[in-house]
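This is what each chain is made of:
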Amino acid sequence: MSAHVAGAILRPMAAYQSPLATRYATAAMVDNFGDVRRVLLWRDLWIALARGEQKLGVPITDAQIDALVEHREEVDLDRVAQLEAELRHDVMAHVRHYGECVGPAAEKIIHLGATSCYVADNAELVMMRDGLELLMDRMFTVIEQLAGFANEHRDLPTLAYTHFQPAQLTTVGKRACLWTQDLVFDLQTVDGLLQRLPFRGVKGTTGTQASFLALLDGDHDKVRSLDQQVCKAFGFSESVAVSGQTYPRKFDTWVVSALSDICGSAAKLASDIRLLAHEREVEEPFGRKQIGSSAMAYKRNPMRSERICSLARFVGSLTSSPRETHANQWLERTLDDSANRRLVLTEAFLATDAVLNLLADITAALVVHPAVVRANLEQELPFMATENVIMAGVRGGCSRQDLHERIRVHSHEAVRRMKEEGASNDLLGRLRNDEVLGPFVDDTVLDPVAYVGRAPQQVQEFLAEVVHPLLEQHQARRGRFTSRVKV
């Protein structure tokens, strides 16, 4: 029993299933790393290998290759499980099952000259490449949505914070640019990673290609040609120059580190939304029938943002495993990488996919409450205006130190009343009633626009010079992903 619901997959199971697959990740990413996809990639690799070997003179007939193609999609995972229980070897279980499907004549050429990592590693590189492509589609959507949000609110003054204490002012749009910039960096990182991620190719048992050299009668050029043909068949421009039995496990460190960086950027944004939701200034979209709490009916918890932070923390925790696996690959290879990678790589992709799906949902409909933004700002603006009052007073002939002392006394009294009595900020009135400070306090001093610096211009420049060119570069991704999370 399975059902696709709102971009995630809900598959009620009696036995334990990873919630990343059943609850959080999108159907596309789950399918990309699914058992059927893996099997079909293995079979495609066997077909590509047979075609390349035939082209280079190995006695393989068209009928044998046609049989491999004809029976490619006949996959019985229960039968594979039976065979693996007997053989204790997953790849050989699939070789045997495929052989049963294609018949004795074609069975002879399956996996000819290859080692298990020919199918296992090359298939994983395809799945990781395609998984990264899916993630880039999601990042593109988020960046484009954030760019629109930043532009819309580029002029809206808001309190900026350091240490989560009121500092000076920025704009809502400028803050959104900080979020966007992190994701721009991540998109560029993944794009670069895709450009340099090679195939394992046809390397043999310990990476020496000895079996293929023997199969091709000692012709080194033919072995190189076979390697290149298989790479081309799967859309890779090149294979790794040298390898042991596996592709270098350092590749996994690159990939999982990139995923962790994406999740870190998402968690930063989500954490900021959680803080701003507490201030009632900005909040994630809240469904018309959404329930915030089973007990407190009034609650509007930032559920999506909290889930992003939770999943991002999980992905971050996975980064140590690929480094340890790479460091512990004895000589040409040891098998203690297998179980670890089976868990880490897939789970990292599924969790990152879930994070970006949620992030796309949030950024598609971020809610801003300008009246609350202004009210919170006005509670702190008098403090920020004091420096301008001092400068105006000095220009008017007053002593800077005298003005500073007067403002210090008034400010501390205003803060005392706010903290001890819950009173509103009356500093502005105190300054106006001061016989020395009063003449230098006018309406222009309290214009928020005077305190945002170049924030609006920075938004325009950042969008024009960084974001829009990046989106143009990746415009083919537009529309390939839209948020579907509704829970």
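Residues numbered from 1 in each chain as written. Predicted model: local features only at pLDDT ≥ 70, side-chain atom pairs only at ≥ 80, totals over all residues. Heavy atoms only, no water.

> Lay out the nonpolar core in plain terms, naming residues and giving numbers.
Formed by 114 residues in total, the largest nonpolar core has its most connected members in Trp46, Leu68, Tyr118, Phe199, Phe234, Leu259 and Phe349. Element by element, the count of residues in this core is highest for helix α8 (residues 116-152), at 20 residues. The contact partners of phenylalanine 199, leaving out residues within four places of it in the chain, are Leu45, Asn122, Leu125, Val126, Val230, Cys231, Phe234, Phe236, Glu238, Ser239 and Val240. Core analysis: the second largest hydrophobic core is formed by 24 residues, Leu159, Val389, Leu403 and Leu427 among them. (Core = buried A, V, L, I, M, F, W, Y, C linked by side-chain atoms within 4.5 Å. Buried < 20%, exposed > 50% of the residue type's maximum accessible area, 1.4 Å probe, protein only. Helix = DSSP H or I, 4+ residues; strand = E, 2+ residues; numbered from the N terminus. Contact = heavy atoms within 4.5 Å.)

> How would you explain unusual backbone geometry if you had to name every residue and give the values?
Even without being a glycine, histidine 111 presents a positive backbone phi close to 70 degrees. As for its placement among the helices and strands, histidine 111 is situated in the loop between α7 (104-107) and α8. Judged by its relative accessible area of 13%, histidine 111 is buried. Its identity is not glycine, yet arginine 280 carries a phi of approximately 65 degrees, on the positive side. Within the secondary structure layout, arginine 280 lies in the loop between α12 (250-278) and β5 (282-283).

> Describe in detail the pattern of salt bridges, supporting the description with residues and values.
Summed over the entire model, instances satisfying the criterion amount to 34 salt bridges. As a salt-bridge pair, arginine 249 and aspartate 121 come within 3.0 Å of each other at their nearest N and O atoms. Separated by 128 residues along the polypeptide, arginine 249 in the loop between α11 (220-233) and α12 and aspartate 121 in helix α8 bring together distant segments of the chain. Like aspartate 121, arginine 249 is buried. As a salt-bridge pair, arginine 430 and glutamate 413 come within 3.9 Å of each other at their nearest N and O atoms. Linking arginine 430 in helix α18 (residues 427-433) with glutamate 413 in helix α17 (residues 400-420), this pair joins segments that are 17 residues apart in sequence. Look at arginine 430 and you get partly exposed, because its relative accessible area is 24%. Residues participating in the shared-partner salt-bridge network are Glu413, Arg416, Arg417, Glu420, Glu421, Asp426 and Arg430. (Salt bridge = Lys/Arg side-chain N within 4 Å of Asp/Glu carboxyl O.)

> So what's going on with the layout of surface pockets? Residues and values would help.
Reported here for the largest pocket is a volume of approximately 1,400 Å³. Elements that contribute at least two residues to the lining of the largest pocket include exactly α1 (19-24), α2 (27-32), α3 (35-55), α5 (77-87), α6 (90-102), α8 and α15 (338-364). If one sorts the elements of the lining of the largest pocket by residue count, α15 sits on top with 9 residues. (1 Å grid on protein atoms, 1.4 Å probe; cavity = no way out; pocket = protein on both sides within 12 Å on 5 of 7 lines; lining within 4 Å. Points joined across faces, edges and corners; volume = space filled by probe spheres on them.)

> With reference to specific residues and values, describe α6.
Taking 1.5 Å of rise per residue, 13 residues should cover 18 Å, and α6 covers 19 Å from first to last C-alpha, within 8% of that figure. Turning to α6, its buried residues number three or more, namely Val91, Ala93, His94, Val95, His97, Tyr98, Gly99, Cys101 and Val102. A positive backbone phi angle near 95 degrees is found at glycine 103, which sits one or two residues after α6. (Expected span 1.5 Å × (residues − 1).)

> Describe a negative patch on the surface, listing the residues and the values that go with them.
A contiguous patch of negative charge, built from Asp62, Asp66, Glu70 and Glu74, is present on the exposed surface. Its location among the elements puts glutamate 70 in helix α4 (residues 62-70). (Patch = residues over 30% accessible without salt bridge, like charges linked within 9 Å, V, L, I, M, F, W, Y side chains within 5 Å. Areas by Shrake-Rupley, 256 points an atom, 1.4 Å probe, with all protein chains shown as cover. Lys, Arg positive; Asp, Glu negative; His and termini not counted. Charge placed at Lys NZ, Arg CZ, Asp CG, Glu CD.)

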